[in-house]
Structure formats: C-alpha cells, structure tokens
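Residue-level structural notes
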Amino acid sequence: MKHIFKCANCGRYTMKEICDCGNKALPAKPMKYSVDDKFASYRRKAKAEEYAKRGLI
Ligand SMILES: [Zn+2]
C-alpha cells in the first residue's frame, strides 16, 4: 500500500514526502476507515441473520 501525503501548505495530495511546492507533506490519514469498518460489521451481521434464516447455523 502506498502512502499518501497531504501538503499542509497548498493542500495538495502527493505520493512524495516533499510536495511540489517545496513544503514537507504529512501522511494523510484515511478518514473513511471507521465508516468502512461499521459497514463491514453490519454486513457480517446481516449475513449471519441470512444464514440463520436458511437454517445453516
Ligand atoms: Zn504543497
């Protein structure tokens, strides 16, 4: 997985640690991570209920 950096100076996302503008870019944290996790657990729960309905568990 590639690291994505975000420049605090110009706000641009870059793959490099040093932005094109010369400013040091900081690692961009994936903000959607917790949301994805919530959906994943919801999907797991929904699947378990589906299996239970079919009498597979
Ligand atoms: Zn920049």
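Basis of the calculations
In this convention, every chain numbers its residues from 1, walking through the sequence in written order. Owing to the predicted nature of the model, reporting of local features is limited to residues with pLDDT of at least 70; listing and counting of side-chain atom pairs is limited to 80 or more, with chain, interface and lining totals taken over all residues. Runs of H or I in DSSP of at least four residues are treated as helices and runs of E of at least two as strands, each being numbered from the N terminus. Any residue surrounded by 20 or more other C-beta atoms within 10 Å of its C-beta is treated as buried, while 12 or fewer makes it exposed and the intermediate range makes it partly exposed; C-beta atoms here are placed from the backbone. For every residue pair, C-beta atoms are placed from the backbone, and the pair is scored as a contact if these atoms sit within 7 Å. The pairing criterion is simple: DSSP has to find at least two bridges between the two strands.

Our focus in this paragraph is the overall build of the protein. Along the protein, the regular secondary structure elements total one helix and three strands. Across the 57 residues of the protein, 5% fall into the buried class. Sequence separation of at least 24 residues holds for 5% of the intrachain contacts in the protein that already meet a minimum separation of 6.

Before going further, it helps to spend a moment on the environment of Ala28. Along the chain, the position of Ala28 falls in the loop between strand S3 (25-27) and helix H1 (33-54). Residues Ala28 and Tyr13, 15 residues apart in the sequence, show an inter-C-alpha distance of 8.0 Å.

Its place among the elements puts Ile18 in the loop between strand S2 (13-14) and S3. Excluding residues within four positions of it along the chain, Ile18 makes contact with Lys24 and Ala25.

This part covers the sheet that holds S2. Pairing within the open sheet is antiparallel, and its three strands lie in the order S2-S1-S3. Edge positions in the open sheet fall to S2 and S3, since each of these has one partner strand only. As paired elements, strand S1 (residues 5-7) and S2 share two bridges and run antiparallel to each other. Looking at the pairing, Lys6 lines up with Tyr13 of S2.

No statement about biological role is implied by the geometric values presented.
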